[in-house]
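Architecture at a glance
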Amino acid sequence: MPEPHERPIPLDLEEQGLMADPRLAEAMAQFNAGEWYACHDGFEALWHETAGAMRPVLQGILQIAVAELHHERGNRRGATILMGEGLGRLARVDANALGLELETLRQTAAMRLRALQDNGSLDGCPTPRLVATGGQQPSVDCPQSGAGPSHWSI
């Protein structure tokens, strides 16, 4: 029986190719470092080259990165819209696509979206991170923002 973090089906060729592409690893590292503009460029290049099931995965991650960039630049409306769009795209994809725990990202994005929608502060919210399958999940509470559990059901 496979471990809970293992996928029951083999990766498709597109996913295998993306996971082997050093540009994906670089974009993921930039995402986790909060380098939103740089990771946007990396994910966007990969997204333009992808036509299969991984396309919405890349687009969802890309939209969350751009949401963070908008928030950083003071564009709360743009951040709210793109966080919601990215979360919506990721809601419909495999939870372990590209070897990532996308549920962790979805939970964090949902909490940040809730804080944005409630005009709360994001200071108490965890920053979105891309966590490899089998990694430890961070807390998704935003105690300083006043945003309680998200209303998003994913």
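Procedures and definitions
- Residue numbers run consecutively from 1 along every chain, following the written order of its sequence.
- With the structure being a predicted model, the display of local features is reserved for residues of pLDDT at least 70 and the display and counting of side-chain atom pairs for 80 or more, all residues being used for whole-chain, interface and lining totals.
- Based on all heavy atoms of the structure, the side-chain values leave hydrogens and waters out of the count.
- A residue's pLDDT is the predictor's confidence in that residue, given on a scale from 0 to 100.
- Contact definition: two residues touch when any of their heavy atoms are within 4.5 Å.
- A helix here means a DSSP run of H or I that spans at least four residues, while a strand means a run of E at least two residues long, and both kinds are numbered starting from the N terminus.
- The cut-offs for exposure are 20% and 50% of the maximum accessible area for each residue type, with area from a 1.4 Å probe on protein chains only; residues under the lower value are buried, those over the upper are exposed, and the others partly exposed.
- By nonpolar core is meant a set of buried Ala, Val, Leu, Ile, Met, Phe, Trp, Tyr and Cys residues that side-chain atoms within 4.5 Å join together.
- Each helix should span, by expectation, one fewer than its residue count multiplied by 1.5 Å.
- Paired rings are identified among Phe, Tyr and Trp, the last through its six-membered ring, by centres lying within 6.5 Å, and are further divided according to the angle between planes into stacked (under 30 degrees), edge-to-face (over 60) and tilted (the rest).
- Charge over a ring is defined by NZ of Lys or CZ of Arg lying within 6 Å of the ring centre and within 35 degrees of the ring normal.
- Helix axes use the C-alpha atoms of the stretch in contact, all axes being lines fitted to C-alpha atoms, and the angles between their N-to-C directions lie in the range 0 to 180 degrees.
- Any angle between 65 and 115 degrees counts as roughly perpendicular, while under 35 counts as roughly parallel, over 145 as roughly antiparallel, and the rest as oblique.
- In this scheme the crossing of two helices becomes right-handed for a clockwise turn of the near helix relative to the far one and left-handed for an anticlockwise turn of less than a right angle.
- Ten residue types, Ala, Val, Leu, Ile, Met, Phe, Trp, Tyr, Cys and Pro, are classed as nonpolar, four, Asp, Glu, Lys and Arg, as charged, and the remainder, Gly among them, as polar.
- Whenever a carboxyl oxygen of Asp or Glu lies within 4 Å of a side-chain nitrogen of Lys or Arg, that contact is scored as a salt bridge.

1. A word on the confidence of the model for the chain
Summing up the model confidence of the chain, the mean pLDDT is 85 and the portion of residues at 70 or higher is 79%. The low-confidence segment residues 145-154 (pLDDT under 50) makes 26 contacts with residues lying over four places distant or belonging to another chain.

2. Some remarks on the side chain of His40
Mapping His40 onto the fold places it in helix α3 (residues 36-48). Beyond its immediate chain neighbours, meaning those up to four positions away, His40 contacts Leu62 and Val66.

3. A word on the environment of Leu130
Along the chain, the position of Leu130 falls in the segment after α6 (102-117). On the basis of relative accessible area, Leu130 is assigned to the buried category, the value being 7%. Through-space distance from the C-alpha of Leu130 to that of Leu100 is 6.5 Å; in sequence the pair is 30 residues apart.

4. Some thoughts on the nonpolar core
A general tendency of soluble globular proteins is for nonpolar side chains to be buried together. Judged by nonpolar contacts, the single largest core of 40 residues is most densely connected at Phe31, Phe43, Ile61 and Leu102. Of all the secondary structure elements, the ones that give two or more residues to this core are α2 (22-32), α3, α4 (55-72), α5 (76-90) and α6. Among the elements that take part in this core, α4 stands out by supplying nine residues, more than any other. Residues in contact with Phe31, not counting those within four places in the same chain, are Trp36, Cys39, Phe43, Ile61, Ile64, Ala65, Leu105, Pro128, Arg129 and Leu130.

5. Looking at α3
Taking 1.5 Å per residue as the helical rise, α3 with its 13 residues ought to reach 18 Å, and the 18 Å between its terminal C-alpha atoms agrees with that figure. Buried within α3 we find Trp36, Cys39, His40, Gly42, Phe43, Leu46 and Trp47.

6. Here's the deal with the packing of aromatic side chains
This model, assessed by the stated rule, comprises two aromatic pairs. Consider the rings of Phe31 and Trp36, whose centres lie 5.1 Å apart with planes at 90°: the pair is edge-to-face. For Phe31, a relative accessible area of 0% puts it in the buried group. Judged by its relative accessible area of 5%, Trp36 is buried. With a centroid separation of 6.4 Å and 90° between ring planes, the pair formed by Phe31 and Phe43 is classed as edge-to-face. Here Phe31 is found in helix α2, whereas its partner Phe43 is found in helix α3, with twelve residues between them in sequence. Across the pair, Phe43 and Phe31 agree in class, each one buried. Among the aromatic side chains, those forming a connected cluster through ring pairs are Phe31, Trp36 and Phe43. Lying over the aromatic face of Trp47, Arg55 brings its terminal NZ or CZ to 4.1 Å of the ring centre.

7. Quick look at the packing of α5 against α6
In helix packing, the relevant descriptors are the interaxial angle and the interaxial distance, both defined with respect to the helix axes. Contact geometry of α5 with α6 gives a least axis separation of 9 Å together with a crossing angle of 150°. Judged by the angle between their axes, α5 and α6 are roughly antiparallel. In the packing of α5 onto α6, the handedness of the crossing is left-handed. Between α5, through Arg76, Ala79, Thr80, Met83, Gly84, Leu87 and Leu90, and α6, the contact on the second element is made entirely by Leu102, Leu105, Arg106, Ala109, Ala110, Arg112, Leu113, Ala115, Leu116 and Gln117. Each residue belonging to the contact of α5 with α6 can be placed in one class, and the counts come to eleven nonpolar, three polar and three charged.

8. With respect to the pattern of salt bridges
Overall, the coordinates contain five salt bridges when judged by the stated rule. Its salt-bridge partner being Arg23, residue Asp21 comes within 2.8 Å of it at the nearest N-O pair. Where Arg114 meets Asp118, a salt bridge forms, and the shortest distance between an N and an O atom there is 2.9 Å. Classification of Asp118 as partly exposed rests on a relative accessible area of 44%.

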